[in-house]
Amino acid sequence: MKIKPILVLMLLLSVSFGQVLTIAEARATDVGDTVTVEGIVTTPSWSTGYTSYQIQDATAGLNLFYYSTYVPLALGDLVQVTGYMESYNGLLEIIALHDSTITVVSSGNDLPAAQPLT
């Protein structure tokens with residue numbers, strides 16, 4: 001039966017998407033890898049035509065980007081994001097798979113100490 005290997009592959013892929021990595025761990029993955037991270041929003045979005053924020057956890061910072069729509073987030077929101085890693089003009093980013101893969105876990109969190117983004 002050819003269906004079983006496909007089902008096993010789909011199950012393995014769905015499990016890997018659910019594993020939350022630290023931002024440092026996500027930054028160590030390859031460009032194009034799909035990851036899930038959690039971080040606190042530390043900047044406003046610089047546009048209302050698309051989504052672009054910086055997020056940070058205790059390990060590192062990362063740019064959060066989504067092309068299709070603007071997702072309103074606030075400074076101090078703890079967000080969970082599933083997306084793929086991308087490098088844009090030397091800036092490492094997580095590109096959300098869909099606006100529904102950007103989830104606010106909690107709001108009003110203290111902002112962490114700044115970390116450089118590269």
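Computed from a predicted model, the values in this text were never measured in an experiment.

Draft legend 1. Layout of the confidence of the model for the protein chain. In this model, the protein chain carries an average pLDDT of 86, and 81% of its residues clear a pLDDT of 70 or more. Every residue in residues 6-16 is under pLDDT 50, and counting partners more than four places away or in other chains gives zero contacts.

Draft legend 2. A look at the nonpolar core. Counting 21 residues, the largest nonpolar core has V37, I55, L64, L73, V81, I94 and I102 as the members making the most contacts within it. Broken down by secondary-structure element, the contributors of at least two residues to this core are helix 2 (23-27), strand 2 (34-41), strand 3 (51-56), strand 4 (61-66), strand 5 (78-88) and strand 6 (91-96). The contacts of L73, once residues within four sequence positions are left out, are V41, Y53, L64, V79, I102 and V104.

Draft legend 3. Local environment of the packing of aromatic side chains. According to the stated counting rule, one finds two aromatic pairs in the structure shown. Ring geometry for Y50 and F65: centres 5.1 Å apart, planes at 40°, overall tilted. Of the two residues, Y50 is situated in the loop between strand 2 and strand 3 and F65 in strand 4; the sequence distance between them amounts to 15 residues. According to the relative accessible area criterion, Y50 is partly exposed, its value standing at 32%. Judged by centre distance (4.9 Å) and plane angle (80°), the ring pair of F65 and Y67 falls under edge-to-face. A relative accessible area of 14% means that F65 is categorised as buried. Of the aromatic side chains, those joined through ring pairs into one cluster are Y50, F65 and Y67.

Draft legend 4. Region of the structure containing the pairing of strand 6. Counting buried residues in strand 6 gives five out of six residues, a clear majority hidden from the surface. Relative to strand 6, strand 4 is paired through three bridges, and the arrangement is parallel. Counted as the bridge partner of F65 is I95 from strand 6. Summarising the sheet, strand 5 and strand 6 pair through six bridges and their orientation is antiparallel. Each bridged residue has a counterpart across the sheet, and for G83 the counterpart in strand 6 is A96.

Conventions adopted
Residues numbered from 1 in each chain as written. Predicted model: local features only at pLDDT ≥ 70, side-chain atom pairs only at ≥ 80, totals over all residues. Heavy atoms only, no water. pLDDT = per-residue confidence, 0-100. Contact = heavy atoms within 4.5 Å. Core = buried A, V, L, I, M, F, W, Y, C linked by side-chain atoms within 4.5 Å. Buried < 20%, exposed > 50% of the residue type's maximum accessible area, 1.4 Å probe, protein only. Helix = DSSP H or I, 4+ residues; strand = E, 2+ residues; numbered from the N terminus. Phe/Tyr/Trp six-rings, centres within 6.5 Å; stacked < 30°, edge-to-face > 60°. Pairing = 2+ DSSP bridges.

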